[in-house]
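Spelled out from the first residue to the last, the chains are:
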Amino acid sequence: MKPVVLLLGATSDMGRAVARAYAAQGHPLHLAARDAARLALDAEDLRLRSGVDVWTHPFDVLAEDAASIMTGLAPPPSIVICFVGMMGTDPQLIMRTNYTGPAMVLEAAADFLQRQGGGVLVGVSSVAGDRGRAGNYVYGSAKAGLTAYLSGLRARLHGSKVRVVTVKPGFVHTRMTEGMDLPKALTAQPDEVARAIMEALEQGRDVVYVRPVWRLIMTIIRLLPEPVFKRLRI
Amino acid sequence: MKLAGWGNFPRMSCRVATLGAADEAQSWLDQPPMIARGLGRSYGDAALQPNLTLLTRRLDHILAFDPVTGLLSCEAGVTLETILDVFLPRGWLPPVSPGTKFVTLGGMVAADVHGKNHHKAGSFGGHVRSLRLMLADGRVVECGPDVEPELFWATIGGMGLTGLILSVSFHLLPVHTAFIRSEVLCAPNLEAAFDAFEASAGWTYTVAWIDCLTGGRNLGRCLLTRGELAEPDELPPGLLPRRKRPKRVPVDLPNWVLNRWSMRAFNTLYYNMAPAKPRPAIMDLDSFFYPLDALLEWNRIYGRNGFTQYQCVLPKPAGREGLRHLLATIQKSGFGSFLAVLKLFGGHAGGCLSFPMEGYTLALDFPVRPPTLALLHELDAIVADHAGRLYLAKDARTTPGMLRKGYPRLVGFQHIRDQWGATGRMQSLLAERLDL
């Protein structure tokens, strides 16, 4: 049997694209997300498309017991991918949804995989976390926290059989970015994110920028001296 | 957001909303007029509404499939490409397929699309068992040939003007291979083309490429392609469906690239490349049904100003004479394009506003320029004189009067829209232009 995959935030556009890509290759799937009706619809769609087994789990990253998602999953997953995140206007909600919430669940998932003797943990962070920008620094700071968390977790688990992968999608055409005027050359489709994640897992990469040009862009942005950077409205 | 149909004309700034789930549409209903838009493959203004265009791409769940009867239910945003990807390997083919697989089921219903097998199978709507429709007041109605049939037959071919199509149930066709056995007949003039269509009436799939630039004794010369679903024992050993990587037109070509000389040269070359005697060949379904899909964004060939496709149908008795008249007019103008198609429709009944009727349909592209628009006006008069009509999914420029002459069931259609509260609310730019 192909490795079982757990998707956290499975009804997001990226989550759905990754679910379809794994299902097409015959991987059984656990889908976890808030909206039970949408989960059921997604699960049936995946079964009809690919004939794989799909289980659904109600899951809210802001709930007290969010991490309990990792107990009692049968069959146990060996690939865990977390898409949870959001943009918005409420700073506290943004911080909790993009950083503390996912980090707590990923911690539980890391322990789970370690106990199980191996696996892969993928956290979807953001290029916005590479440097705090005037336009979206609350979101950026939360994603920076998640990136740092994933980096540390990877170091902690190095030498064990658990791998940690950080994904920074860059701009992606999703519901979250709807209505934004995104440059075509820098904006990926959700399918591309799915492909990039699956490739990264095969190739054993640590940090993935979905469109490689983003690595260059963010390197330059990171290298700008603060006195210069603060004057740029980027 | 700037939106346009496949012809890139007209191009309009539209407020858009993406529907993430069917019930999300409810929250937009208090802001009419609005229209649904799938993949935007109608050519003109059928899927544009500056006030509110609802994008259905994410309503893309397959809902149910019965492997015994082939009955498939999908949300309206599921594409034909997806259906082929998922079900063709299991031996199921959509019963009717337009010339591209980059269309949504909602669009296929709204335009009541036809394919190369129209003379045998009718248009897509005839294979639909039921629809779920969100009305302008938010109610969701299930309709089909036996349930609310009036609403159903107004929605089949109704260009999205009766309500928001949420899901579609229809029958897939069992097939034994993913290949077509096909052959090409050369018809040196229009008379020979008519004969070739009559002689090919027994074939499941027929279509002809027609040269609209050559006149005289070669007026209306055609290459007629006919095909049948191949049976396993007809395939050469070791044949597998190929996955060709599609190419893409990278930029809008300058407007001068397509001119009467380049197109005439292309047409002469193309016609003369066909073998003199029909030679049967085995083709994969993609190459047979969707040759143009191999070139993504081919609409950019027509440049920034865009193009319009003129597709008309003339009833069979008067059609031969009318078609000759049309072709002579087009040929004389020199504006014909290299993508012109002729096909004989069968006599299947469709919806109130369904395009097909028994007779000959002609489709060709024109770059949008003042002289071509004047020519199309002339063609309208010929079509109306011969009791023909235009295909709304392709149209961007005809008049309310022309529409009314061609569609005798229009009054009934409008009445049904009134009755179900859709008039003025489910309203595309096309509907406004044509006084619907």
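A brief structural summary. Residue positions are given per chain, counted from 1 along the sequence in the order it is written. In the order they appear in the text, chains get letters beginning with A and ligands get numbers beginning with 1. Where totals are concerned, whole chains, interfaces and linings use all residues; where local detail is concerned, this predicted model gives features only for residues with pLDDT of at least 70, and gives and counts side-chain atom pairs only at 80 or more. Think of the side-chain values as coming from all heavy atoms in the structure, minus any hydrogens and water.

## Remarks on the overall build of chain A
Here is step 1 of the chain: Each helix corresponds to a stretch of at least 4 residues labelled H or I by DSSP, and each strand to a stretch of at least 2 residues labelled E; elements are numbered beginning at the N terminus. The secondary structure content of chain A amounts to 7 helices and 9 strands.
Here is step 2 of the chain: Projecting the C-alpha coordinates of chain A onto the three principal axes gives extents of approximately 55 × 40 × 35 Å.
Here is step 3 of the chain: Per-residue burial for chain A yields a buried fraction of 51% across its 234 residues.
Here is step 4 of the chain: Areas reported here follow the Shrake-Rupley algorithm with a probe of radius 1.4 Å; residue values treat only the protein chains shown as occluding. Per element, the accessible surface of chain A, about 10900 Å² overall, is 56% carbon and sulfur.
Here is step 5 of the chain: The centroid of the 27 positive side-chain charges in chain A is displaced by 7 Å from the centroid of its 21 negative side-chain charges. Three labels apply to residues, based on accessible area from a 1.4 Å probe with only protein chains included: buried if under 20% of the type maximum, exposed if over 50%, partly exposed otherwise in between. Under the convention used here, Asp and Glu are negative, Lys and Arg are positive, and both His and the chain ends fall outside the count. Where a charge sits is defined by one atom per residue type, namely NZ (Lys), CZ (Arg), CG (Asp) or CD (Glu).

## Details of the pattern of salt bridges
Here is step 1 of the chain: By definition here, a salt bridge exists when the distance from a side-chain nitrogen of Lys or Arg to a carboxyl oxygen of Asp or Glu is within 4 Å. Under the definition given, this model contains 28 salt bridges over all chains.
Here is step 2 of the chain: A salt bridge links Arg222 of chain A to Asp130 of chain A, with the nearest nitrogen and oxygen atoms 3.1 Å apart. Linking Arg222 of chain A in helix α6 (residues 213-223) with Asp130 of chain A in the loop between β5 (119-124) and α4 (137-157), this pair joins segments that are 92 residues apart in sequence.
Here is step 3 of the chain: Residue classification places Asp130 of chain A among the buried positions, given a relative accessible area of 11%.
Here is step 4 of the chain: A salt bridge links Arg300 of chain B to Glu297 of chain B; its shortest N-O distance comes to 3.1 Å.
Here is step 5 of the chain: Taken together, the shared-partner salt bridges connect Arg16, Arg20, Asp42, Asp45 and Arg49 of chain A together with Asp60 of chain B into one network.

## Thoughts on the interface of chain A and chain B
Here is step 1 of the chain: We call two residues contacting when some pair of their heavy atoms lies within 4.5 Å. Listed as interface residues are 16 residues of chain A and, on the opposing side, 18 residues of chain B.
Here is step 2 of the chain: Summed over both partners, the accessible area (1.4 Å probe) lost when two parts come together is defined as the buried area. Interface area for chain A against chain B, summed over the two sides, is near 1300 Å², with a carbon-plus-sulfur share of 41%.
Here is step 3 of the chain: Its largest share of buried area at the contact with chain B, chain A owes to Leu48, Arg49 and Arg175 of chain A, together 43% of the area lost on that side.
Here is step 4 of the chain: Seen at the junction of chain A and chain B, the total is 4 salt bridges.
Here is step 5 of the chain: Between Glu24 of chain B and Arg175 of chain A there is a salt bridge; the shortest N-O distance is 3.0 Å.
Here is step 6 of the chain: Throughout this description, a polar contact denotes any pair of N or O atoms lying within 3.5 Å of each other; where both atoms belong to protein, one of them has to be capable of donating a hydrogen while the other can accept it, and for residues adjacent in sequence the pair is counted only when both atoms sit in side chains. Linking chain A with chain B are 11 residue pairs in polar contact (both at pLDDT 80 or more), by the criterion used here.
Here is step 7 of the chain: Contributing elements (two or more residues each) for the side of chain A that touches chain B: α1 (13-24) and α2 (36-50) of chain A.
Here is step 8 of the chain: Per-element tally for the side of chain A that touches chain B: the top contributor is α2 of chain A, with 8 residues.
Here is step 9 of the chain: Along the lines of polarity and charge, the residues of the side of chain A that touches chain B split into 2 nonpolar, 3 polar and 11 charged. Any residue outside Ala, Val, Leu, Ile, Met, Phe, Trp, Tyr, Cys, Pro, Asp, Glu, Lys and Arg is labelled polar, Gly included; the first ten of those are nonpolar and the last four are charged.

## Here's the deal with the sheet that holds strand β3 (residues 54-58) of chain A
Residue and element names in this part refer to chain A.
Here is step 1 of the chain: In this description, strands pair whenever DSSP reports at least two bridges between them. With parallel pairing, the 7 strands of this open sheet are ordered in space as β3-β2-β1-β4-β5-β6-β9. Two strands bound the open sheet, and with one partner strand each, they are β3 and β9 (207-209). Neighbour to neighbour, the strand axes of the sheet diverge by 15° on average, direction disregarded.
Here is step 2 of the chain: Of the strand pairs in this sheet, strand β1 (residues 5-8) and strand β4 (residues 79-82) are connected by 4 bridges, and their pairing is parallel. When the sheet's bridge partners are listed, Val5 is paired in β4 with Ile79. Axes here mean lines fitted to C-alpha atoms, for a helix over just the part in contact, with angles spanning 0 to 180 degrees between N-to-C directions.

## Some words on a nonpolar patch on the surface
Residue and element names in this part refer to chain A.
Here is step 1 of the chain: The grouping of Met87, Met176 and Met180 at the surface amounts to a nonpolar patch, some 240 Å² of accessible area in total.
Here is step 2 of the chain: Following the sequence through the fold, Met87 ends up in the loop between β4 and α3 (91-116).
Here is step 3 of the chain: Take Met87: its relative accessible area is 31%, and that puts it in the partly exposed class. Within this analysis, patches are made of residues with over 30% relative accessible area and no salt bridge. Like charges are joined at 9 Å or less; nonpolar side chains (Val, Leu, Ile, Met, Phe, Trp, Tyr) at 5 Å or less.

## Regarding the state of the cysteines
Residues and elements named next belong to chain B.
Here is step 1 of the chain: By definition, disulfides here are pairs of cysteine sulfur atoms that lie within 2.5 Å. The full count for this structure, using the stated rule, is 0 disulfides over all chains.
Here is step 2 of the chain: The cysteine Cys312 is free of any disulfide, with Cys212 supplying the nearest cysteine sulfur at 10 Å.
Here is step 3 of the chain: Classification of Cys312 as buried rests on a relative accessible area of 1%.

## Side note on unusual backbone geometry
Residues and elements named next belong to chain B.
Here is step 1 of the chain: With an omega of -5°, the peptide bond between Phe9 and Pro10 qualifies as cis.
Here is step 2 of the chain: Its place among the elements puts Pro10 in the loop between β1 (2-4) and β2 (11-13).
Here is step 3 of the chain: A cis amide bond links Pro32 to the next residue, Pro33, at an omega of 0°.
Here is step 4 of the chain: Along the chain, Pro33 falls in the loop between β3 (16-18) and β4 (35-37).
Here is step 5 of the chain: One non-glycine residue, Ala387, lies in positive phi territory at about 60°.
Here is step 6 of the chain: Relative to the elements of secondary structure, Ala387 occurs in the loop between α9 (370-385) and β22 (389-390).

## Section: the packing of aromatic side chains
Residues and elements named next belong to chain B.
Here is step 1 of the chain: Here a pair means two rings of Phe, Tyr or Trp (six-membered ring of Trp) with centres within 6.5 Å. Their orientation is stacked below 30 degrees between planes, edge-to-face above 60, and tilted elsewhere. Taken as a whole, this structure holds 17 aromatic pairs over all chains when the rule is applied.
Here is step 2 of the chain: The interplanar angle of 50° and the centroid separation of 4.6 Å between the aromatic rings of Phe65 and Phe87 together place this pair among those described as tilted. Here the residue Phe65 occupies a position in strand β6 (residues 62-65), and Phe87 occupies one in helix α1 (residues 80-87), the gap between them amounting to 22 residues. A single burial state applies to Phe65 and to Phe87, both of which are buried.
Here is step 3 of the chain: Their ring planes at 20° and their centres at 4.3 Å tell us that Tyr302 and Phe307 sit as a pair that is stacked. Neither residue differs from the other here; Tyr302 and Phe307 are each classed as buried.
Here is step 4 of the chain: Put simply, the rings of Trp6, Tyr43, Trp298, Tyr302 and Phe307 pair up and form one aromatic cluster.
Here is step 5 of the chain: The cationic tip of Arg41 hangs over the ring face of Trp6; the distance from NZ or CZ to the ring centre is 3.5 Å.
Here is step 6 of the chain: The lysine or arginine in question, Lys394, covers the ring of Tyr43, its NZ or CZ lying 5.3 Å from the ring centre. Each ring is checked for a lysine NZ or an arginine CZ that lies within 6 Å of its centre and within 35 degrees of its normal; such an atom marks a charge sitting over the ring.

## Topic: the pairing of strand β21 (residues 359-367) of chain B
Residue and element names in this part refer to chain B.
Here is step 1 of the chain: Within β21, 9 of the 9 residues are buried, which leaves the element mostly enclosed by the surrounding structure.
Here is step 2 of the chain: Across 9 bridges, strand β19 (residues 307-315) lies against β21 in antiparallel orientation. The residue of β21 that forms the bridge with Phe307 is Pro367.
Here is step 3 of the chain: Bridge count between strand β20 (residues 340-345) and β21: 6 bridges; the pairing is antiparallel. Bridge pairing in β21 places Leu344 opposite Tyr360.

## Looking at the nonpolar core
Here is step 1 of the chain: Buried Ala, Val, Leu, Ile, Met, Phe, Trp, Tyr and Cys residues form a nonpolar core when they are joined through side-chain atoms within 4.5 Å. If you look at the biggest cluster of nonpolar residues, it comprises 69 residues, and the most contacted ones within it are Leu72, Phe87, Leu105, Phe124, Val128, Leu131 and Phe170 of chain B.
Here is step 2 of the chain: Looking at which element gives the most residues to this core, the answer is α1 of chain B, with 5 residues.
Here is step 3 of the chain: Apart from residues lying up to four places away in sequence, Phe87 of chain B is in contact with Ile62, Phe65, Leu72, Trp92 and Leu172 of chain B.
Here is step 4 of the chain: Core analysis: the second largest hydrophobic core is formed by 36 residues, Ala23, Leu31, Ala43 and Ala200 of chain A among them.

## Topic: the packing of α1 of chain A against α2 of chain A
Residue and element names in this part refer to chain A.
Here is step 1 of the chain: Between α1 and α2, whose axes approach to 9 Å, the crossing angle comes to 30°. Put simply, α1 runs roughly parallel to α2. Handedness of the α1/α2 crossing: right-handed. When α1 is examined against α2, the residues Arg16, Ala19, Arg20, Ala23 and Ala24 are found in contact with a partner set consisting of Asp42, Asp45, Leu46, Arg49 and Ser50.
Here is step 2 of the chain: Along the lines of polarity and charge, the residues of the contact of α1 with α2 split into 4 nonpolar, 1 polar and 5 charged. Here roughly perpendicular refers to angles of 65 to 115 degrees, roughly parallel to angles under 35, roughly antiparallel to angles over 145, and oblique to all remaining angles. Helix crossings get a hand from a simple test, with the near helix turned counterclockwise from the far one by less than a right angle marking a left-handed crossing and a clockwise turn marking a right-handed one.

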